[in-house]
Amino acid sequence: MNNITGTFTFPADEPALADHFPDSPVIPGTVIIHSFVSVLRELMPEATLSVSKFRFKSFITPAVYSYSIEAKPFGYACTLFKNNAKTVTGRILVHTEGDGDA
């Protein structure tokens with residue numbers, strides 16, 4: 001699989017924001033990670049995926065963000081960008097039958 005790029009839109013009316021700092025909304029990390037997993041799930045519906053080493057360098061507020069998902073030997077390196085700066089990085093691992101850790 002080639003590298004994937006695109007945009008994620010995290011709207012201000014995102015249901016997860018109702019209790020997540022209502023006066024100063026911040027997108028929960030689980031919503032961001034789920035966005036990356038959803039992209040790969042579309043391409044590999046039968047794969048067993050797990051997340052690893054996600055790091056958040058700044059708060060993610062409602063807006064449109066660019067992302068990249070790069071194929072690596074371990075699976076995929078995920079990056080979320082804000083104004084061309086890396087704001088979130090992490091890995092999504094792909095397990096195959098017989099891996100032992102799936």
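Structure: above.
These lines cover the structure that appears in this document, whether it is placed above or below. These numbers were taken from a predicted model, which means no experiment stands behind them. (Residues numbered from 1 in each chain as written. Predicted model: local features only at pLDDT ≥ 70, side-chain atom pairs only at ≥ 80, totals over all residues. Heavy atoms only, no water.)

**Describing the side chain of S35**
Then, in step 1: Along the chain, the position of S35 falls in helix 1 (residues 29-43).
Then, in step 2: With residues near it in sequence (within four places) discarded, S35 still touches F8 and F10. (Helix = DSSP H or I, 4+ residues; strand = E, 2+ residues; numbered from the N terminus. Contact = heavy atoms within 4.5 Å.)

**Description of unusual backbone geometry**
Then, in step 1: For N83, which is not glycine, the phi dihedral falls at a positive 55°.
Then, in step 2: By the secondary structure assignment, N83 is in the loop between strand 4 (75-82) and strand 5 (85-95).
Then, in step 3: What makes N83 exposed here is its relative accessible area of 72%.
Then, in step 4: Of note in the backbone geometry, N84 takes a positive phi value of approximately 65° without being a glycine.
Then, in step 5: Along the chain, N84 falls in the loop between strand 4 and strand 5. (Buried < 20%, exposed > 50% of the residue type's maximum accessible area, 1.4 Å probe, protein only.)

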